[in-house]
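An overview of the molecular structure
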Amino acid sequence: MDHEADAHRTDLMTITRHVLNEQTKYPESRGDFTILLSHIVLGCKFVCSSVSKAGLAKLFGLAGETNIQGEEQKKLDVLSNEVFVKALISSGRTCILVSEENEEAIFVDPSKRGRYIVVFDPLDGSSNIDCGVSIGTIFGIYLVKDEENPTIDDVLQAGKNLVAAGYCMYGSACTLVLSTGSGVNGFTLDPSLGEFILTHPNIKIPKKGKIYSVNEGNAKNWDEPTTKFVEKCKFPTDGSPPRSLRYIGSMVADVHRTLLYGGIFLYPADKKSPNGKLRLLYEVFPMSYLMEQAGGQAFTGKQRALDLVPGKIHERSPVFLGSYDDVEEIKTLYAAAN
């Protein structure tokens, strides 16, 4: 890579320009999606800035309340949630918001209503804030059936109906990964410009990976297919080298690595959590959508993840997602067990 030439690049593909380019492919487009996305991007920039100075601004630590998942809320969680809710409502393009931090769905006032539904986890992995591990925001976007009369049923759609999904990771760099249904692109925040620049065009996950990612602390509670799969990763019987284990415990960071390097991320159901731990609407669906768009797969142990229809907004599900061949392997083990 020619770093000097790179430093003097003048033709910068910003996220706004990228989305506007996509928009021109749809003559009927009114630009609503572009406006909505610019508000999401603003929220991500704000949270990125807050995360980077959280220690100085005393935003670490608990806010004294517990969110509806029973997790003690961090101050940054609360702040991030408020920022995204306000940014999304003020866009004038949303009608229902579902946040991990709010027990009920938020119905936008008719005067500010639009045709999009946004489901999001404002700060995923927030228990890792205090030790400096990467955390992130995850979001998915649906279209409402009837803009004049939005109902909770509009939210409870299968993941395959998403019109866009993405995440923003606040780590060594601030990276936003987005799909609007035609591939996956990664953008990195240039702090000197305050703009997200296209740095990872058309991300494709390797067909097979050398990494598996799972919380092995739960191993005694796993079912047989998961146990067999992890055993095979560690002690392969076909002469191949064992796989490397990488587990950060922050979904955005683990999925980001899986997307770029290949491999598989597992959060199976177990005896302790028979329905899995991850939330379907704003964790499993967006990440599964991105994986499929990048050429990978996402499976629940029973079916394709994106085919599931949630019964309630905070429903949980097991998930196995990543490289196509690796997920195929776990599907074979589950098929054999049934």
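This text gives an overview of the structure that appears in the document. (Residues numbered from 1 in each chain as written. Predicted model: local features only at pLDDT ≥ 70, side-chain atom pairs only at ≥ 80, totals over all residues. Heavy atoms only, no water.)

Some words on the sheet that holds strand β7 (residues 164-170)
Note the following rule: DSSP-based pairing: two strands are paired if at least 2 bridges between them are found. Under the DSSP-based scheme used, a helix requires at least four consecutive residues in state H or I and a strand at least two consecutive residues in state E, with every element numbered from the N terminus.
Read across the sheet, eight strands follow the order β4-β3-β5-β6-β7-β8-β9-β10 without closing on themselves; strand pairing throughout is mixed. On the outer flanks of this sheet lie β4 (106-107) and β10 (195-200), each paired with one strand and no other. Direction of pairing for strand β6 (residues 135-143) relative to β7: antiparallel, over a ladder of seven bridges. When the bridges of β7 are listed, Ile138 appears paired with Tyr167.

What to know about the sheet that holds strand β13 (residues 264-267)
As a reminder, the rule being used: By definition, residues are in contact when any of their heavy atoms lie within 4.5 Å. Helix axes are fitted only over the stretch in contact, all axes being lines through C-alpha atoms; the angle between N-to-C directions runs from 0 to 180 degrees.
The mixed open sheet is built from five strands, whose spatial order is β12-β11-β13-β17-β15. Only two strands of the sheet have a single neighbouring strand rather than two, namely β12 (244-245) and β15 (297-299). As judged from the two bridges shared by strand β11 (residues 211-213) and β12, these two strands associate in the parallel manner. The residue bridging Ile211 from the neighbouring strand is Ser244, located in β12. Against the sheet, helix α7 (residues 280-293) makes contact with β15 and β17 (319-322), and its axis sits at roughly 30° relative to β17, the strand it touches most.

Thoughts on the packing of helix α6 (residues 251-261) against α7
So the rule is basically this: Put simply, angles under 35 degrees are roughly parallel, angles over 145 are roughly antiparallel, angles from 65 to 115 are roughly perpendicular, and the rest are oblique. Two helices crossing with the near one rotated counterclockwise from the far one by less than a right angle form a left-handed crossing, whereas a clockwise rotation gives a right-handed crossing. Under the grouping applied here, Gly and all other residues not named as nonpolar or charged are polar, the nonpolar ones being Ala, Val, Leu, Ile, Met, Phe, Trp, Tyr, Cys and Pro and the charged ones Asp, Glu, Lys and Arg.
With their axes 11 Å apart at the nearest point, α6 and α7 run at an angle of 15° to one another. With respect to their mutual orientation, α6 and α7 come out roughly parallel. Crossing of α6 against α7: the hand is right-handed. On α7, the residues that touch Met251, Val252, Val255, Thr258 and Leu259 of α6 are Glu283, Met287, Leu290 and Met291. Here the contact of α6 with α7 is composed, by residue class, of seven nonpolar, one polar and one charged.

Some details on the packing of aromatic side chains
Convention followed: Stacked, tilted and edge-to-face are the three classes assigned to paired rings of Phe, Tyr and Trp, where Trp is represented by its six-membered ring and a pair needs centres within 6.5 Å; plane angles under 30 degrees give stacked, over 60 edge-to-face, the rest tilted.
Evaluated as defined, the whole model comprises five aromatic pairs. Aromatic rings pair up to connect Phe299, Phe320 and Tyr334 into one cluster.

Some remarks on helix α5 (residues 224-234)
This is how it is decided: Relative accessibility under 20% of the residue-type maximum defines a buried residue, over 50% an exposed one, and the middle range a partly exposed one, all with a 1.4 Å probe and only protein chains included. Relevant arc is that of directions from the helix axis to the C-beta atoms, nothing else.
Within α5, the full set of buried residues consists of Pro225, Thr226, Phe229, Val230 and Cys233. Buried residues of α5 fall within an arc of 125° about the axis and therefore sit on the same side. At its buried positions, α5 is contacted by β11, β13, β17 and α8 (324-337).

Let's talk about the environment of Leu280
Relative to the assigned elements, Leu280 resides in helix α7. Residues Leu280 and His314 lie 34 residues apart in sequence; the distance between their C-alpha atoms is 7.1 Å. Once residues lying within four places of it in the same chain are set aside, the contact partners of Leu280 are Phe285, Pro286, Leu308, Pro310, Glu315, Arg316 and Ser317.

Brief notes about the pattern of salt bridges
Which entries qualify depends on this criterion: Just to be clear on terms, a salt bridge is a Lys or Arg side-chain nitrogen sitting within 4 Å of an Asp or Glu carboxyl oxygen.
Across all of its chains, the model carries 20 salt bridges by this definition. The partner of Arg93 in a salt bridge is Asp32, and the shortest N-O contact between them spans 2.9 Å. Here the residue Arg93 occupies a position in the loop between α4 (75-90) and β3 (94-99), and Asp32 occupies one in helix α3 (residues 32-52), the gap between them amounting to 61 residues. Here Arg93 falls in the partly exposed class, since its relative accessible area comes to 22%. Residue Asp32 is classed as buried on the basis of its relative accessible area, which comes to 11%. With a shortest N-O distance of 3.0 Å, Asp307 and Arg304 are connected by a salt bridge. Several salt bridges converge on common partners, so that one network encompasses Lys208, Lys232, Arg243, Asp326 and Glu329.

Overview of the pairing of strand β8 (residues 174-179)
Where burial is concerned, most of β8 is hidden: six out of the six residues are buried. Going residue by residue along β8, you find Cys174, Leu176 and Leu178 tucked away on one face and Thr175, Val177 and Ser179 tucked away on the opposite face as well. What sits between β7 and β8 in their antiparallel hairpin is a turn of three residues. Where β8 meets strand β9 (residues 185-190), four bridges bridge the pair, whose relative direction is antiparallel. Its bridge partner lying in β9, Leu176 is registered against Phe187. Here β8 folds back onto β9 in antiparallel fashion, the turn holding five residues, of which Gly181 has a positive phi close to 100°.

Some remarks on the nonpolar core
What counts is decided by this rule: What is meant by a nonpolar core is a set of buried Ala, Val, Leu, Ile, Met, Phe, Trp, Tyr and Cys residues, joined one to another through side-chain atoms within 4.5 Å.
Counting 44 residues, the largest nonpolar core has Leu281 and Met287 as the members making the most contacts within it. Looking at this core, the elements that each hand over two or more residues are β3, β5 (113-124), β6, β7, α6, β13, α7 and β17. Among the elements that take part in this core, α7 stands out by supplying nine residues, more than any other. Residues within four places of Leu281 in sequence aside, it is in contact with Val98, Val119, Tyr142, Val155, Pro286, Pro310 and Ile313. In terms of nonpolar packing, the next biggest core, distinct from the first, is built from 37 residues, Ile15, Leu88, Ile89 and Ala164 among them.

Any functional reading would require information beyond the geometric quantities listed.
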